[in-house]
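An overview of the molecular structure
Each chain is listed here by its residues.
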Amino acid sequence: SEEDYPRGIFPQIKGSCAGSRLYHRKEGAAVFGEKSEALGVNTVGWAYGPVFVDIDSDGLLDLYATTGFMSFDRRKPDG
């Protein structure tokens, strides 16, 4: 529980167990923003070998990610 860790550490631990992450570099800056939840990247759990590829030939890159763990709770991402 949160009380077992120094202040601010528990949210980091929870975040690292929430599935794969995707970061996007903010234009014109050396700063990266986390986009995983907004784009649904972490809904596949932990992805192995994710790749950007134009799957539907629309000229835009799509993110293709496969999952590697069998889930104990199929309603939630692995991890």
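Please refer to the structure higher up on the page.
As a starting point, this report considers the structure included with it.

About the cut-offs
- Residues numbered from 1 in each chain as written.
- Predicted model: local features only at pLDDT ≥ 70, side-chain atom pairs only at ≥ 80, totals over all residues.
- Heavy atoms only, no water.
- Helix = DSSP H or I, 4+ residues; strand = E, 2+ residues; numbered from the N terminus.
- Buried < 20%, exposed > 50% of the residue type's maximum accessible area, 1.4 Å probe, protein only.
- Polar contact = N/O pair within 3.5 Å; in protein donor to acceptor, adjacent residues only side chain to side chain.
- Contact = heavy atoms within 4.5 Å.

**Observations regarding unusual backbone geometry**
Although it is not a glycine, Ser 57 adopts a positive phi angle of roughly 55 degrees. Locating Ser 57 in the fold gives a position in the loop between β3 (47–53) and β4 (62–67). With relative accessibility at 63%, the residue Ser 57 sits in the exposed group.

**Examining the side chain of Ser 36**
Along the chain, the position of Ser 36 falls in helix α2 (residues 36–39). Its relative accessible area of 0% is what places Ser 36 among the buried residues. A polar side-chain atom of Ser 36 sits 2.3 Å from a polar atom in the side chain of Glu 34. What Ser 36 contacts, discounting residues up to four positions off in sequence, is Ser 20, Arg 21, Leu 22, Val 41 and Asn 42.

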